[in-house]
Amino acid sequence: MRNNSGDIYNKLAETMTRNEMRGLQLDRLKKIVKYAYKNVPFYKKQFDDIGLKPSDIETLKDIEKIPFTQKSHFRDNYPYGLLAVPQSKIVRVHASSGTSGKPTVVCYTKNDLDMWSECVARLASAAGCSDKDVVQVCFGYGLFTGGFGLHYGLERLGASVIPASSGNSERQLMLMKDLGATVIVGTPSYALYLGELAERLGYKKDDLKLKTGLFGSEASTPEMMRLIENKLGLRATNNYGLSEIVGPGVSGDCLEDCGMHINEDHFYAEIIDSQSGEIKGEGEYGELVLTTLTKEGMPILRYKTRDITRLDYSPCKCGRTTARMDRIKGRVDDMLIIRGVNVFPSQIESVLMAMKEAAGHYEIVVRRENFMDVLEVSVELNDASLLDNYGDLEALRQRIRHNLKTVLQIDTVVKLVQPMSLTRYEGKAKRVVDERK
Ligand code: DLL
């Protein structure tokens, strides 16, 4: 697979020693805490309610004294209550879907946009992109942070950016071919769909010049990434972020494929037990909590992301010393409890992707039948001829059921469905329906 070297975009920020990083983070933490307390009434109240003063934050560990910020706080302060600057300093507004019908609004100053682009440029460079690349951005441009976030970061890197946005997939492929795109940006599920469509439309491997995929915004498994790599002939990389913190740019893979490097000079990461709030040790899975260390427009302290991952602080072979976060294992709210057993959709995906007969698309439905939880997994076949022989089909179904049981420890109902029969998504895929709710 062709790829550039994964150059370090900002040597100073990405290769400092752990002690230097800790020092910088502490400096910035103290400043941002004072700043948020002074300028955001919500944070002043959070601190005052428990008798905490900004000057009580003297060490990095003292961050644990600060109450968590949650998604509901965005809703309670909708739309501009969390601003730390006058409206006149805000130059961009984005939003993501909220829990109550009202979106979660996030605002950026000029300096925030500058920091954001730098963070995205770093992750794109780490993934092997450079100013030589032609990049097709297939994320929606709009309130969603994905399109604009990647766009400006890649421009900062000097790449030629094609703002294709999402949708109109046949045209996407035509542009990709005609304009010689070397990098594709989007969700992994959309990339997989484009790969399938390219095959169906008779594109040959050499028609597309893709070498790198910058994928994010939804969970993926290594198996899914390999499938996309095979279909599109590129190197698939993962990057992570969320609107409340900045959008894309929190972290991204380097070419060593050993976790996503966090832009730790701008985002302080902790892992907690989401029930008790207690800090977990290095390498332990838990909920990711993020604090923005430099954001002016909307500083956010200890945001509970609901995303489950773990951290690794060891230096990476790529030369970067920034902490790495593992791919997201699931969301706290995504975890299905089926007959008392915890099940993550990512576990199901890993099993399915390891089977060559599965196309990479699946749907999970959980329902209650006769007071019992039933987990039904619909698996799309990648070859219609498999449907011709009932015996083979039934054997495959049983094999999938067996493999799922080995991993999940519970029985599932497996349904095999025709190629191209499950819904395709241009943005984030929705694969789980819990009918018990
Ligand atoms: O999805 C920001 C983004 C855009 C990240 C483009 C990367 C690329 P939201 O719409 O606010 O923002 O959704 C944030 O998406 O809390 C995760 O649950 C999920 N998510 C984002 N990136 C990944 C990833 C953007 N690489 C929510 N792996 C987050 C798994 C991801 N989940």
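Criteria and cut-off values
- Residues numbered from 1 in each chain as written.
- Predicted model: local features only at pLDDT ≥ 70, side-chain atom pairs only at ≥ 80, totals over all residues.
- Heavy atoms only, no water.
- Helix = DSSP H or I, 4+ residues; strand = E, 2+ residues; numbered from the N terminus.
- Buried < 20%, exposed > 50% of the residue type's maximum accessible area, 1.4 Å probe, protein only.
- Contact = heavy atoms within 4.5 Å.
- Areas by Shrake-Rupley, 256 points an atom, 1.4 Å probe, with all protein chains shown as cover.
- Lys, Arg positive; Asp, Glu negative; His and termini not counted.
- Charge placed at Lys NZ, Arg CZ, Asp CG, Glu CD.
- Arc of directions from axis to C-beta.
- Core = buried A, V, L, I, M, F, W, Y, C linked by side-chain atoms within 4.5 Å.
- Domains from an automatic or database assignment.
- Buried area = accessible area lost by both parts, 1.4 Å probe.
- Salt bridge = Lys/Arg side-chain N within 4 Å of Asp/Glu carboxyl O.
- Nonpolar A, V, L, I, M, F, W, Y, C, P; charged D, E, K, R; others polar.
- Near = heavy atom within 4 Å.
- Polar contact = N/O pair within 3.5 Å; in protein donor to acceptor, adjacent residues only side chain to side chain.
- Axes fitted to C-alpha atoms, helices over the stretch in contact; angles between N-to-C directions.
- Parallel < 35°, antiparallel > 145°, perpendicular 65-115°, else oblique.
- Pairing = 2+ DSSP bridges.
- Expected span 1.5 Å × (residues − 1).
- Phe/Tyr/Trp six-rings, centres within 6.5 Å; stacked < 30°, edge-to-face > 60°.

Trainee: For this particular structure, what's the right way to read the overall build of the protein?
Mentor: The helix and strand inventory of the protein stands at eleven helices and 21 strands. If you line up the protein on its principal axes, its C-alpha atoms span 70 × 55 × 40 Å. Evaluated residue by residue, the protein yields a buried proportion of 54% over its 437 residues. Looking at the protein alone, contacts between residues at least 24 apart form 69% of all its contacts between residues at least 6 apart. On the protein, roughly 18900 Å² of surface is accessible, and the fraction owed to carbon and sulfur atoms is 50%. The average position of the 60 basic charges and that of the 59 acidic charges among the side chains of the protein differ by 2 Å.

Trainee: Help me understand helix H7 (residues 169-178) in this model?
Mentor: Each α-helix turn comprises 3.6 residues. Residues three or four places apart therefore point the same way. Listed as buried for H7 are Ser 169, Gln 172, Leu 173, Leu 175 and Met 176. For H7, the angular spread of the buried residues around the axis is 160°, confining them to a single face. Buried residues along H7 sit in contact with strand S3 (134-137), strand S5 (183-186) and helix H8 (188-200). Once H7 ends, the next one or two residues include Gly 180, with phi positive near 70°.

Trainee: Honestly, the nonpolar core in this entry has me stumped. Any pointers?
Mentor: The nonpolar side chains of soluble globular proteins are, as a tendency, buried together. Among the nonpolar cores identified, the biggest contains 66 residues, and Leu 154, Val 185, Leu 214, Tyr 240 and Leu 290 are the most heavily contacted of them. If you tally residues by element for this core, the top one is helix H5 (residues 110-126), at seven residues. Ignoring anything within four residues of it in the chain, the contact list for Tyr 240 reads Pro 248, Gly 249, Val 250, Ser 251, Met 260, Leu 288, Leu 290, Thr 305, Asp 307, Met 325 and Ile 328.

Trainee: Quick question: what am I supposed to make of the domain arrangement of the protein here?
Mentor: By convention, interface size is frequently given as the accessible area that disappears when the constituent parts associate. Partitioning the protein into domains gives domain 1 (1-331) and domain 2 (336-434). Counting from both sides, the interface comprises 23 residues of domain 1 and, opposite them, 17 residues of domain 2. Both sides of the domain 1 and domain 2 interface together cover about 1600 Å² of buried area, and 58% of this is carbon and sulfur. There are one salt bridge connecting domain 1 and domain 2. Here Arg 424 ties to Glu 196 by a salt bridge, and the two come within 3.0 Å at their closest N and O atoms. Of all elements in the fold, only H8, helix H9 (222-232) and strand S15 (330-331) reach the threshold of two or more residues within the side of domain 1 that touches domain 2. Tallying contributions element by element places H8 first for the side of domain 1 that touches domain 2, with six residues. Tallied by class, the residues present in the side of domain 1 that touches domain 2 amount to eight nonpolar, nine polar and six charged.

Trainee: Even after reading the chapter, I still don't get the site of the ligand, so can you show me in this structure?
Mentor: In the neighbourhood of the ligand, 21 residues make up the surrounding shell, with Asn 238, Asn 239, Ser 243, Asp 307 and Lys 428 lying closest. At 2.9 Å from an oxygen atom of the ligand is found a side-chain nitrogen or oxygen belonging to Ser 217. At a separation of 3.2 Å, an oxygen atom of the ligand approaches a polar side-chain atom of Arg 331. In isolation the ligand exposes 600 Å². Once the protein is present, 93% of that is buried.

Trainee: Whenever I open this one, the packing of H9 against helix H10 (residues 345-353) confuses me. Can you help?
Mentor: Between two packed helices, what matters for the description is the angle formed by their axes and the separation of those axes. One way to put it is that H9 packs onto H10 with a least axis distance of 8 Å and a crossing angle of 45°. Comparing the axis directions of H9 and H10 gives the class oblique. Taken together, the residues of H10 that come into contact with H9 (itself represented by Glu 223, Met 224 and Leu 227) are Glu 349, Ser 350 and Met 353. Here the contact of H9 with H10 is built from residues that sort into three nonpolar, one polar and two charged.

Trainee: Honestly, the side chain of His 151 in this entry has me stumped. Any pointers?
Mentor: Inspection of the secondary structure assignment puts His 151 in helix H6 (residues 145-157). Engagement of the side chain of His 151 in a polar contact is seen with the side chain of Tyr 141, the distance being 2.7 Å. Not counting the four nearest positions on each side in its chain, His 151 is found in contact with Tyr 141, Val 161 and Pro 163.

Trainee: Where do I start with the pattern of salt bridges in this structure?
Mentor: Should their charged atoms come close, side chains of opposite charge can pair. Going through the model one piece at a time under the given rule, you end up with 35 salt bridges. When the shortest N-O distance is used, the salt bridge between Lys 71 and Glu 244 registers 3.0 Å. Here Lys 71 is found in helix H4 (residues 71-76), whereas its partner Glu 244 is found in the loop between strand S7 (235-242) and strand S8 (247-253), with 173 residues between them in sequence. On the accessibility criterion, Glu 244 (5% relative accessible area) is buried.

Trainee: Help me understand the sheet that holds strand S10 (residues 267-272), please; the structure alone is not making it clear to me.
Mentor: Across the sheet, four strands lie side by side as S10-S11-S12-S15; this open sheet has antiparallel pairing. Strands with a single pairing partner mark the edges of an open sheet, and in this sheet they are S10 and S15. By the bridge criterion, six bridges tie S10 to strand S11 (residues 286-292) in an arrangement that is antiparallel. Its bridge partner being in S11, Tyr 268 is matched across the sheet by Thr 291.

Trainee: What am I meant to see in H6 here?
Mentor: For H6, spanning 13 residues, the distance from its first C-alpha to its last is 18 Å, which sits close to the expected 18 Å at 1.5 Å a residue. Positioned one or two residues after H6, Gly 158 has a phi angle of 100°, which is positive.

Trainee: Would you explain the packing of aromatic side chains in this entry?
Mentor: How two aromatic rings sit relative to each other is set out by the distance from centre to centre and by the angle between their planes. With the rule as written, the count across this model stands at eight aromatic pairs. Ring centres of Tyr 190 and Tyr 193 lie 6.3 Å apart, and the angle between their planes is 40°; this geometry places the pair in the tilted category. Of the two residues, Tyr 190 and Tyr 193 are both situated in helix H8; the distance of three residues between them amounts to about one turn of the helix. By the burial criterion, Tyr 190 is buried, and Tyr 193 matches it. In textbook terms, an aromatic cluster arises when at least three aromatic residues are bridged by ring pairs, as seen for Tyr 141, Phe 148 and Tyr 152.

Trainee: Sorry, what's going on with the side chain of Thr 145 here?
Mentor: Looking at the element boundaries, Thr 145 is found in helix H6. With a relative accessible area of 4%, Thr 145 lands in the buried category. Leave out the neighbours within four places in its chain, and Thr 145 touches His 94, Tyr 108, Trp 116, Leu 150, Ser 243, Val 246, Gly 247 and Pro 248.

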